[in-house]
Amino acid sequence: MYRLYTRAGSGGFVVEAAFELAGVPFERIEVVKGVEPAAEFRTISPLGQVPALVLPDGHAMTESAAMCQLIAERHPDARLAPTVDAPGRADFLRWMAFLTSVTYPALLREYYAHRYTTDAGGIEAVKAAAVAEAERSFSVVDAALEGRDWLAGAHMSIADVYLLMLVYWHPEPAKIAATWPNLERVCAVLRENALLKELNVSHAMW
């Protein structure tokens, strides 16, 4: 069985969503924030960060996007991603890479600004720049969603759920509806998904 090390409100949300949407059983292991993890966990996640995943064969991996793509590939019937030869495949790869390389790290800089400067007096400037970068990326995605229901192809993919998670990491999520109508439109549909709604009970993303 898969073993997922995670905590509420973390990037583990989208990995849990991938398992739930695919109907794949997994063991959820809570990693308490602010408490030094056990040495065993450090062998799984060298940075001591969640999520971290141990596969049924004992192989360990980090990086939430990689986990989501692996689950999608191993369980194609769940349609978490367009197939390799599907028209939406290029968009799927593009947006998964964009969200993880642009939006996700920008939001991390907002929440963990102290990691990105050696100047204690510069923390607020780091936060401000981080939010501006995240919002710039949201504008790009919002424009791409004009006239389409989902980021990749005709069906919801795990890339859309990844976007949902990042939207609710914005320090002022209420700003989304007023500023990026296409993001809000997609997120509104996802918020009503029964599995995601149930998952939100423990993660309190929205």
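Residues numbered from 1 in each chain as written. Predicted model: local features only at pLDDT ≥ 70, side-chain atom pairs only at ≥ 80, totals over all residues. Heavy atoms only, no water.

Caption draft 1: A look at the UniProt feature "domain: GST C-terminal" (unreviewed entry) in the protein chain. UniProt's entry tags residues 85-206 with the feature "domain: GST C-terminal" (unreviewed entry), counted in the numbering of this structure. Structurally, residues 85-206 comprises 66% helix and 0% strand, and the distance from its first C-alpha atom to its last is 35 Å. (UniProt positions renumbered as here; feature names shortened; annotations may be inferred. Helix = DSSP H or I, 4+ residues; strand = E, 2+ residues; numbered from the N terminus.)

Caption draft 2: A look at the side chain of Arg 89. Within the secondary structure, Arg 89 sits in helix α4 (residues 89-111). Beyond its immediate sequence surroundings of up to four residues, Arg 89 is in contact with Glu 73, Ala 81, Pro 82, Thr 83 and Val 84. (Contact = heavy atoms within 4.5 Å.)

Caption draft 3: Molecular detail of the nonpolar core. If you look at the biggest cluster of nonpolar residues, it comprises 58 residues, and the most contacted ones within it are Val 141, Ile 158, Tyr 162, Leu 163, Met 165 and Leu 183. Elements with a contribution of two residues or more to this core: β1 (2-6), α1 (12-22), α3 (64-74), α4, α5 (123-144), α6 (158-167), α8 (181-191) and α9 (194-203). Looking at this core, the element that brings in the most residues is α6, giving nine residues. Residue contacts for Met 165: discarding those within four places in its chain leaves Ser 10, Gly 11, Phe 13, Val 14, Tyr 104 and Met 205. Counting eight residues, the second-largest nonpolar core is a separate cluster that includes Tyr 5, Val 31, Phe 41 and Val 50. (Core = buried A, V, L, I, M, F, W, Y, C linked by side-chain atoms within 4.5 Å. Buried < 20%, exposed > 50% of the residue type's maximum accessible area, 1.4 Å probe, protein only.)

Caption draft 4: View of the environment of Tyr 162. Residue position: Tyr 162 is located in helix α6. Taking C-alpha positions, Tyr 162 is 9.0 Å from Val 15, a pair spaced 147 residues apart along the chain. Here Tyr 162 is in contact with Val 14, Ser 64, Ala 65, Met 96, Leu 99, Thr 100 and Tyr 104, once residues within four sequence places are set aside.

Caption draft 5: Here's a closer look at the sheet that holds strand β4 (residues 60-62). Across the sheet, four strands lie side by side as β2-β1-β3-β4; this open sheet has mixed pairing. Each having just a single partner strand, β2 (26-30) and β4 make up the two edges of the open sheet. Ignoring strand direction, the axes of neighbouring strands in this sheet form an average angle of 20°. In this sheet, β2 lies alongside β1 in parallel orientation, the contact comprising five bridges. In the sheet register, Tyr 5 faces β2, and the bridge partner there is Ile 29. On the sheet, α3 packs against β1, β3 (52-54) and β4 and is oriented at approximately 125° with respect to β4. (Pairing = 2+ DSSP bridges. Axes fitted to C-alpha atoms, helices over the stretch in contact; angles between N-to-C directions.)

Caption draft 6: Structural detail: the pattern of salt bridges. A complete count under the given rule lists nine salt bridges for this structure. Glu 73 is the salt-bridge partner of Arg 89, the closest N and O atoms lying 3.9 Å from each other. One end of the pair, Arg 89, is in helix α4; the other, Glu 73, is in helix α3, and 16 residues separate them in sequence. The buried category is assigned to Arg 89, whose relative accessible area is 14%. Residue Glu 73 is classed as partly exposed on the basis of its relative accessible area of 49%. The partner of Arg 136 in a salt bridge is Glu 133, and the shortest N-O contact between them spans 3.1 Å. Placement of both Arg 136 and Glu 133 in helix α5 is noted, with a separation of three residues, approximately one turn of the helix. Because the salt bridges share partners, they merge into one network encompassing Glu 16, Arg 28 and Glu 30. (Salt bridge = Lys/Arg side-chain N within 4 Å of Asp/Glu carboxyl O.)

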